[in-house]
Amino acid sequence: AINANANGTSLTINAATTSGGLNGIRTFNGGTGALSITTSGTTTGTAAEGIYAIMTNAASTGDLTISAANTEGGTYGIYADNRGTGALSIITTGITTGKGTSNGNSGIYALNRANSTGDLTINAATTTGGITGINAINSGSGALTIETTGTTTGDNGAGINAYDDGPGAVSI
């Protein structure tokens, strides 16, 4: 498992296969720059998230970017929360699975907070969630875009749940 936190500027994680009893990758960036996660193998978080990433600094101007191959979590496959002003981007090339069946557990959960001026973009291959396949919430002023190339399934809810309460365009 990888547990990384930064309070300086940017934080970058490049990993092949990662597995943890709780999270596969768990990271917080309280710095002013970007948070970037790239995986080339399988990332597994047995009891919680496969990938858990939060940009915690509201003054951060960097982007939160996740590029993942295969990801599996006991609750969420990928959980991304952008509290900064930059963009949030998630790209998956393999299978993303969130197995949890409570509290909105999803294959991919992405939240762009109200102070974000960047876009929320998800380009996903195959995604399955215990509740929702892809749950995207954009409260910022940028656009919300979701593109899928594989099957998106919500076992107990919607395949895709997209919510935008900002002025940006929505494209699914």
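Residues numbered from 1 in each chain as written. Predicted model: local features only at pLDDT ≥ 70, side-chain atom pairs only at ≥ 80, totals over all residues. Heavy atoms only, no water.

Draft legend 1. Focus on the pairing of strand S17 (residues 144-148). By the bridge criterion, 5 bridges tie strand S14 (residues 120-124) to S17 in an arrangement that is parallel. From the neighbouring strand, isoleucine 122 faces S17, where its bridge partner is isoleucine 146. Two strands pair when backbone bridges link them, and S17 and strand S20 (residues 170-171) are joined in this way by 2 bridges, in the parallel orientation. Among the inter-strand pairings, threonine 145 is bridged to a residue of S20, identified as serine 171. (Pairing = 2+ DSSP bridges. Helix = DSSP H or I, 4+ residues; strand = E, 2+ residues; numbered from the N terminus.)

Draft legend 2. Quick peek at the sheet that holds strand S7 (residues 51-55). Pairing within the open sheet is parallel, and its 7 strands lie in the order S1-S4-S7-S10-S13-S16-S19. Looking at the sheet topology across the chains shown, the edges are occupied by strand S1 (2-6) and strand S19 (160-164). Between one strand axis and the next, the sheet turns through 0 degrees on average, direction left out of account. Where strand S4 (residues 25-29) lies against S7, 5 bridges are found, and the strand directions are parallel. In the sheet register, threonine 27 faces S7, and the bridge partner there is alanine 53. (Axes fitted to C-alpha atoms, helices over the stretch in contact; angles between N-to-C directions.)

Draft legend 3. Structural detail: unusual backbone geometry. In the Ramachandran plot, asparagine 103 falls in the positive-phi region, its phi being about 55 degrees despite a non-glycine side chain. The exposure class of asparagine 103 is exposed, given its relative accessible area of 73%. (Buried < 20%, exposed > 50% of the residue type's maximum accessible area, 1.4 Å probe, protein only.)

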